[in-house]
Each structure stands twice: as structure tokens, then as C-alpha cells.
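If you want the building blocks of each chain, they are given just below.
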Amino acid sequence: MGNGNRRPVRTAARWTVRLTAVTAALALPTAAFAAPVAASSAATNCFVNGQPQAGPEIYGTAGDDDIRCDALVSGDVIFGHLGNDTIRVTFNHAGVINGGPGRDTIRLEEENTGLIQAGDDSDDVIASANGALGRIHGNPGDDEIQVLLNQGVVDGNEGNDTCRVNEGTVLNCNP
């Protein structure tokens, strides 16, 4: 009978130790395990002609520009303005890229879930992925638009546009 009484005590002791360990683990600060929080409305790591420029609005000059940003979020806007601009963005999460007048080249290295507006002349837009909320507009001019993976909308708009898009909605483009 003595052995029968010890077993429940040992099991109860194990459960007490386990419960204490779980409680202690839950009491640890969760900040160490939290995902990094993106800054709200602040274009990340942007440079215009090699000079750092803070967001949320990034401005090109009246001449030819080289504009580079790691990430755009909602509220961030790139204005290429005049000139034949090269705009490179790694991630566009609900931001706006506007090439402006001139023969612009806009490259999106990763996913676009925002708006890309090529500009008023013959422009090139190259995007790896256009997400479900992504919109790419060629605007006036004879544009060339290339999108590897399209779940959003690609619209060449006015002009004799050439679009190479694997899938998704494609409007106003020649094949």
C-alpha cells in the first residue's frame, strides 16, 4: 500500500515542476521574441544621387537621377521629377513610385503592393513580383513593362506599350 501512495505524490511533484517551468517561461520578456516593427511612414535607407534622403517623401532633381530605397510603406512617395531617372526599390509595401517626365527606368527587386506610375515618356518598368494589391501604370508614352509574377494589375495606359507579364490582369498592352 505504501508504494501506491508514493506514485501519486511523485506524479503530482512532476506536474508541479513542469507547471513552474512553463509559468517561468511565460514570464520572460516577449520583446526578445517579437518580430521587428517597421517604422511607420518612413522610407527606409533612401539615397538620391548618392546622398541620403529621409522620407516619407523622396524627391529627385530636375536632371537625371539615381534614386535607391530599401523599402517603402504606406504614406511613402518617390517623385522622380524631370530627367531620365533610374529608380530602384527593394520592397514597395503600399508606397507610391512616380517617375515623372523623362525616360525613366524603375526597378522593383522584390514584391510591389503599392502603386508604380512610370511617367509621361517612354519608360521601362521591371518588377519581380506585383502582389494582389499592386498596381503598375505605364502612363503616356511607349513603355516597356516586365513583371515576372503578377497577381495585381498592370496597365500600359496611353501609347504603344509592350508588356511581358506572366499572369494576372494586363490592360492596354501589346504582347
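As the structure is a computational prediction, the values presented were derived from the model and not from experiment.

## Overview of the side chain of Asp85
Right, on to step 1. Tracing the backbone through its elements, the reader meets Asp85 in the loop between strand S5 (77–79) and strand S6 (86–92).
Right, on to step 2. Despite its burial, Asp85 remains without a salt bridge, the nearest opposite charge being carried by Arg103 at 12 Å.
Right, on to step 3. With sequence-adjacent residues up to four places away left out, Asp85 is seen in contact with Gly63, Asp64, Asp65, Gly80, Gly99, Arg103, Asp104 and Thr105.

## Let's talk about the sheet that holds strand S10 (residues 124–130)
Right, on to step 1. In spatial order, the strands read S2-S1-S4-S6-S8-S10-S12-S14; together these 8 strands make up an open sheet with mixed pairing. Since the sheet does not close on itself, it has two edges, and those belong to strand S2 (51–52) and strand S14 (162–165), each with one partner.
Right, on to step 2. Here strand S1 (residues 47–48) pairs with S2 via 2 bridges, running antiparallel. Counted as the bridge partner of Phe47 is Pro52 from S2.

## Observations regarding the sheet that holds strand S11 (residues 135–137)
Sheet strands pair by backbone hydrogen bonding; their relative direction is either parallel or antiparallel.
Right, on to step 1. Read from one edge to the other, the open sheet built from 7 strands follows the order S3-S5-S7-S9-S11-S13-S15, with strand pairing classed as parallel. One side of each edge strand has no neighbouring strand; the edge strands of this open sheet are strand S3 (57–59) and strand S15 (169–171). On average, adjacent strands in this sheet sit at an angle of 5° to one another, irrespective of strand direction.
Right, on to step 2. Here strand S7 (residues 96–98) runs beside strand S9 (residues 115–117); their pairing, made up of 3 bridges, is parallel. Looking at S9, one finds that Val96 is bridged to Leu115.

## Describing the nonpolar core
Right, on to step 1. In terms of nonpolar packing, the biggest core is built from 23 residues, with Ile58, Ile78, Val89, Ile97 and Ile136 touching the most fellow members.
Right, on to step 2. Of all elements in the fold, only strand S4 (66–72), S6, strand S8 (105–112), S10, strand S12 (144–150) and S14 reach the threshold of two or more residues within this core.
Right, on to step 3. The dominant element in this core, judged by the number of residues it contributes, is S4, at 3 residues.

## Notes on the state of the cysteines
Right, on to step 1. Evaluated as defined, the whole model comprises 2 disulfides.
Right, on to step 2. Put simply, Cys46 and Cys69 are joined by a disulfide, and their sulfur atoms are 2.0 Å apart. Given an S-S torsion of about 125°, the disulfide between Cys46 and Cys69 has right-handed geometry. In this pair, Cys46 sits in the loop between helix H1 (2–26) and S1 while Cys69 sits in strand S4, placing the two residues 23 residues apart along the sequence.
Right, on to step 3. Judged by relative accessible area, Cys69 falls into the buried class, the value being 3%.
Right, on to step 4. Across the disulfide, Cys163 is cross-linked to Cys173 (sulfur-sulfur distance 1.9 Å). Across the S-S bond linking Cys163 and Cys173, the dihedral sits near -45°, which makes this disulfide left-handed. Of this pair, Cys163 sits in strand S14 while Cys173 sits in the segment after S15, and the two are 10 residues apart along the sequence.

## Concerning unusual backbone geometry
Right, on to step 1. With omega at 15°, the peptide bond leading from Gly55 into Pro56 counts as cis.
Right, on to step 2. Positioned with a positive phi, Asn139 is a non-glycine residue whose angle comes to about 65°.
Right, on to step 3. Counting through the fold element by element, Asn139 comes out in the loop between S11 and S12.

## With respect to the environment of Gln146
Right, on to step 1. Position of Gln146 among the secondary structure elements: in strand S12.
Right, on to step 2. On the accessibility criterion, Gln146 (30% relative accessible area) is partly exposed.
Right, on to step 3. Between the C-alpha atom of Gln146 and that of Ala129, which follows or precedes it by 17 residues, the distance is 9.8 Å.
Right, on to step 4. Leave out the neighbours within four places in its chain, and Gln146 touches Val125, Ile126, Ala127 and Arg164.

## Things to note about the pairing of S12
Right, on to step 1. Of the pairings in the sheet, the one linking S10 to S12 comprises 6 bridges and is parallel in character. Following the sheet pairing, Ala129 is matched in S12 by Leu149.
Right, on to step 2. Of the pairings in the sheet, the one linking S12 to S14 comprises 4 bridges and is parallel in character. Paired with Glu144 across the two strands is Thr162, which belongs to S14.

Here is what the cut-offs are and how they apply
- Residues numbered from 1 in each chain as written.
- Predicted model: local features only at pLDDT ≥ 70, side-chain atom pairs only at ≥ 80, totals over all residues.
- Heavy atoms only, no water.
- Helix = DSSP H or I, 4+ residues; strand = E, 2+ residues; numbered from the N terminus.
- Buried < 20%, exposed > 50% of the residue type's maximum accessible area, 1.4 Å probe, protein only.
- Lys, Arg positive; Asp, Glu negative; His and termini not counted.
- Salt bridge = Lys/Arg side-chain N within 4 Å of Asp/Glu carboxyl O.
- Contact = heavy atoms within 4.5 Å.
- Pairing = 2+ DSSP bridges.
- Axes fitted to C-alpha atoms, helices over the stretch in contact; angles between N-to-C directions.
- Core = buried A, V, L, I, M, F, W, Y, C linked by side-chain atoms within 4.5 Å.
- Disulfide = S-S within 2.5 Å.

By themselves, these are just geometric observations and shouldn't be taken as functional.
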